[in-house]
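Descriptive analysis of the structure
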Amino acid sequence: MAAPIIHALRSLRRFSRPHSRCLSGLCDPLVSGTRRGLFKDVFPAETARVQLPELLSSGPQTVYCGFDPTADSLHVGNLLAVLGLLHFHRAGHHVIAVVGGATAQIGDPSGRQQERAALSPERVAENVRGIRESLQRIFSHHEALGGGGQPGGRVTVLDNAAWYRHRSAVEFLGSVGRHFRMSTMLSRHSVQSRLAAPEGMSLAEFTYQVFQAYDFYYLHQKHGCKIQLGGTDQLGNLMSGHEFIQRTAGEDVFGILLPLITSSSGDKLGKSAGNAVWLNRDRTSPFEFYQYFVRQRDSDVERFLKLFTFLPLPEIRHIMDQHAKEPEKRIPQKRLAAEVTKLVHGKEGLESAKRCTQALYHSSIEALATMSDQELQELFQEAPFAELLLEPGTRVLDACLKVSAIPEGPRGFDILSSGGVSFNHIRVTNPDEVLVVGQHILRNGLSLIKVGKKNFYIVKWLHA
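Residues numbered from 1 in each chain as written. Predicted model: local features only at pLDDT ≥ 70, side-chain atom pairs only at ≥ 80, totals over all residues. Heavy atoms only, no water.

Looking at an unreviewed UniProt entry, one finds the protein chain named Tyrosine--tRNA ligase and attributed to Engystomops pustulosus. UniProt, in the comment section headed Sequence similarities (unreviewed entry), describes the protein chain in these words: "Belongs to the class-I aminoacyl-tRNA synthetase family." Among the UniProt annotations of the protein chain, the heading Subcellular location (unreviewed entry) holds the following wording: "Mitochondrion matrix". (UniProt positions renumbered as here; feature names shortened; annotations may be inferred.)

Here's what the structure looks like:
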């Protein structure tokens, strides 16, 4: 396995320079993606260096990548694959995102020490819906942001359950399974590592590579797809697809492998690592998403700007030059956060993240006054949320007691009078002070009550 990878890396180094076979902009994503560190390996190494640039330059091609719906949202660890597709789309190629509604019920063993927990058909269907919506939303935001400034190719999102639903296991094994050899399947790294583990490997997991290969074959036959994107841990599955297509259709297809992204501390950006940053708002708010990228270390930020944004490399170098002069401003981190948040959550998502940032870290009354109920609840996730009827003469003390922000009796009165409570970042000390719109109640009808340093309460005031 080592020799093909070495040859592939040599091929990629050649792609990083202007290539005589890259005769049009259609080949640009291969060149620019390599320069940015987005593409790590190609397969098969011995033919990709010559044939892949020629194929891309010959006209719009179809490129696909698969996403298994093991949760109802993608996460930052999946985002690189989406960006890989978008780089090809921007150059005029057609891209297909395949959601594995069928293969999720089997479970990909790649990179895992034990078998995934089985998912019910209902759960898989729910996850498929969530991931389809996530992919379509990102593709839509990309178009709204300009999509590269030139007409792109087609963007399609498919569920692989569509081409397995009416096939029986016996028919599938008889027509497809006969083309796979046990010795080759057993030699895959994902299989070898699991067979050596105490738990071993189930038959279902062992056959995953057959289904992965058939997905590539189906897309090749139905959509003319000749290029698959996948993480480096997918090399074995990609090789299976290449061999199956070559054996049955007699045609060459290619794989482009994306790096598995880790931070400089070695943490993997994936949900199984316990540090997932999700792409769906109901799991990770735009504010949390934005702050995740703002907090990136200096040692990671240039690499992430190249990987996770479409900013030209000269512009990234300029941003890093500014950072070298004024590191305290965190210019590259803020630009990274803005670009990625716009792509995943749209312009409104970015504005929401900035409003929340101003409200939380800069105690901005103006930002609080423009926030929605949803934004406040996302920002103060643990804060109780209450809807109260605003009656004439309602006092600060009344509001605090109604949401149980302070205890009843003298102790609660003392907390208030000693300055332990604030409304919308303004400290109050008079328990009998009557609530005033524009001060205690913001123009959006909300109040943010803070007791002590960390206890928040959100009130939405209703009018009779």
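**Considerations on the packing of helix H4 (residues 76-90) against helix H5 (residues 121-144)**
Interhelical geometry of H4 versus H5 gives an angle of 45 degrees and a closest axis separation of 11 Å. Considering their axes alone, H4 and H5 lie oblique with respect to each other. The two elements H4 and H5 meet at a crossing, and its hand is right-handed. Contact with H4, carried on its side by Leu79, Val82, Leu85, Leu86, His89 and Arg90, involves Leu135, Ile138, Phe139, His142 and Glu143 of H5 and no other residues of that element. (Axes fitted to C-alpha atoms, helices over the stretch in contact; angles between N-to-C directions. Helix = DSSP H or I, 4+ residues; strand = E, 2+ residues; numbered from the N terminus. Parallel < 35°, antiparallel > 145°, perpendicular 65-115°, else oblique. Left-handed = near helix turned anticlockwise from the far one by under 90°. Contact = heavy atoms within 4.5 Å.)

**Quick word on the sheet that holds strand S5 (residues 225-231)**
Spatial ordering of the open sheet is given by S1-S6-S5-S2-S3-S4, a layout of six strands whose pairing is mixed. Single-partner strands in this sheet number two, and they are strand S1 (41-43) and strand S4 (155-159). Between one strand axis and the next, the sheet turns through 25 degrees on average, direction left out of account. Contacting strand S2 (62-67), strand S3 (94-99), S4, S5 and strand S6 (254-258), H4 crosses the sheet at an angle of about 165 degrees to S2. Against the sheet, H5 makes contact with S2, S3 and S4, and its axis sits at roughly 175 degrees relative to S4, the strand it touches most. (Pairing = 2+ DSSP bridges.)

**As for the packing of helix H10 (residues 208-223) against helix H11 (residues 235-249)**
Contact pair H10 / H11: the axes reach a minimum separation of 8 Å and the direction vectors enclose 55 degrees. By the angle between their directions, the pair H10 and H11 is classed as oblique. Pair H10 / H11 crosses with right-handed handedness. Taking contact as the criterion, the partners of Tyr208, Gln209, Gln212, Ala213, Tyr214, Phe216, Tyr217, His220 and Gln221 in H10 are, on H11, Asn237, Ser240, Gly241, Phe244, Ile245, Thr248 and Ala249. Split into classes, the residues belonging to the contact of H10 with H11 amount to eight nonpolar, eight polar and no charged. (Nonpolar A, V, L, I, M, F, W, Y, C, P; charged D, E, K, R; others polar.)

**Topic: unusual backbone geometry**
Cis rather than trans, the peptide bond between Phe43 and Pro44 has omega equal to -5 degrees. For Pro44, the location among the structural elements is in the loop between S1 and helix H3 (45-57). The phi torsion at Arg330 lies on the positive side, around 50 degrees, for a residue other than glycine. Here Arg330 lies in the loop between helix H14 (313-325) and helix H15 (331-361). For His425, which is not glycine, the phi torsion reads 70 degrees and is therefore positive. Looking at the element boundaries, His425 is found in the loop between strand S8 (421-423) and strand S9 (426-428). Take His425: its relative accessible area is 28%, and that puts it in the partly exposed class. (Buried < 20%, exposed > 50% of the residue type's maximum accessible area, 1.4 Å probe, protein only.)

**So, the sheet that holds strand S7 (residues 385-389)**
The strands making up a sheet are joined through hydrogen bonds of the backbone, oriented either antiparallel or parallel. In spatial order, the strands read S7-S11-S10-S8-S9; together these five strands make up an open sheet with mixed pairing. Single-partner strands in this sheet number two, and they are S7 and S9. Across the sheet, the mean angle separating the axes of adjacent strands is 30 degrees when strand polarity is ignored. When S8 meets strand S10 (residues 446-451), the two strands line up antiparallel, connected through three bridges. Note on S10: the bridge partner recorded for Phe423 is Ile449.

**Section: the state of the cysteines**
Tallied over the entire structure, the rule returns zero disulfides. Take Cys225: it sits in no disulfide, and the sulfur closest to it among the cysteines is that of Cys65, at 10 Å. On the basis of relative accessibility, which here comes to 0%, the residue Cys225 falls in the buried class. (Disulfide = S-S within 2.5 Å.)

**Overview of the packing of aromatic side chains**
According to the stated counting rule, one finds 17 aromatic pairs in the structure shown. Their ring planes at 85 degrees and their centres at 5.1 Å tell us that Tyr292 and Phe293 sit as a pair that is edge-to-face. Taken individually, Tyr292 and Phe293 each receive the classification buried, so the pair is uniform in this respect. What links up through ring pairs into an aromatic cluster is the set Tyr164, Phe172, Phe180, Phe211, Tyr214, Tyr217 and Phe244. (Phe/Tyr/Trp six-rings, centres within 6.5 Å; stacked < 30°, edge-to-face > 60°.)

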